[in-house]
Amino acid sequence: MIKDINIPEVKNVTLAIARTGVEGLQNEWKVYLINNNDVALENTLVASKGYGEKDGEQQNTSILRHFLETVPPHSTALIEPIDPAVFHLNNEYW
């Protein structure tokens, strides 16, 4: 049963959105998972979606799922590039 499944609390894990590249050349925004733990994260699944409103019209993006096999201790892992065209939405990562 679902009550018998132990889901551990997530600690010392954050997300960051950063612009990469040199000004004018290959400027791209990317979403990263940051592991601030002393142990690696194994078999991590991150779901992302965007939702909100623009010009009075409801907008939603597809739900995307990203699998990260191993994120070493005190390191980062790329989750996905993100298009600035969706910055007006609430971009949610689980």
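This section reports on the structure supplied with the text. (Residues numbered from 1 in each chain as written. Predicted model: local features only at pLDDT ≥ 70, side-chain atom pairs only at ≥ 80, totals over all residues. Heavy atoms only, no water.)

**Structural notes on the pattern of salt bridges**
Should the charged atoms of two oppositely charged side chains come close, the side chains can pair.
Logical step 1: Counted by the stated rule, this structure contains two salt bridges.
Logical step 2: Among the ionic pairs, Glu28 bridges to Lys30, the shortest N-O distance being 3.5 Å.
Logical step 3: Owing to a relative accessible area of 38%, Glu28 belongs among the partly exposed residues under this scheme.
Logical step 4: We note a salt bridge from Glu92 to Lys49, for which the minimum N-O separation is 3.8 Å. In this pair, Glu92 sits in strand E7 (residues 90–93) while Lys49 sits in strand E3 (residues 41–54), placing the two residues 43 residues apart along the sequence.
Logical step 5: On the basis of relative accessible area, Glu92 is assigned to the partly exposed category, the value being 23%.
Logical step 6: On the accessibility criterion, Lys49 (33% relative accessible area) is partly exposed. (Salt bridge = Lys/Arg side-chain N within 4 Å of Asp/Glu carboxyl O. Buried < 20%, exposed > 50% of the residue type's maximum accessible area, 1.4 Å probe, protein only. Helix = DSSP H or I, 4+ residues; strand = E, 2+ residues; numbered from the N terminus.)

**Some points on the layout of surface pockets**
Once rolled over the atoms, a probe with the size of a water molecule shows which space is left empty.
Logical step 1: For the largest pocket, the calculated volume is near 290 Å³.
Logical step 2: Every residue lining the largest pocket is counted, 14 residues in all, and those nearest its centre are Val10, Val13, Leu33, Thr44 and Trp94.
Logical step 3: Listing elements by their share of the lining of the largest pocket, those giving two or more residues are strand E1 (13–22) and E3.
Logical step 4: Ranked by residue count, the leading element in the lining of the largest pocket is E3, at six residues. (1 Å grid on protein atoms, 1.4 Å probe; cavity = no way out; pocket = protein on both sides within 12 Å on 5 of 7 lines; lining within 4 Å. Points joined across faces, edges and corners; volume = space filled by probe spheres on them.)

**Quick notes on the side chain of His66**
Logical step 1: Of note, His66 is situated in strand E5 (residues 64–71).
Logical step 2: Accessibility expressed as a relative area gives 14% for His66, which makes it buried.
Logical step 3: In this structure the side chain of His66 is engaged in a polar contact, spanning 3.2 Å, whose partner is the side chain of Ser48.
Logical step 4: A polar side-chain atom of His66 sits 3.5 Å from the main-chain carbonyl oxygen of Ile79.
Logical step 5: Apart from the residues within four sequence positions on either side, His66 is in contact with Thr44, Leu45, Val46, Ser48, Ile79 and Glu80. (Polar contact = N/O pair within 3.5 Å; in protein donor to acceptor, adjacent residues only side chain to side chain. Contact = heavy atoms within 4.5 Å.)

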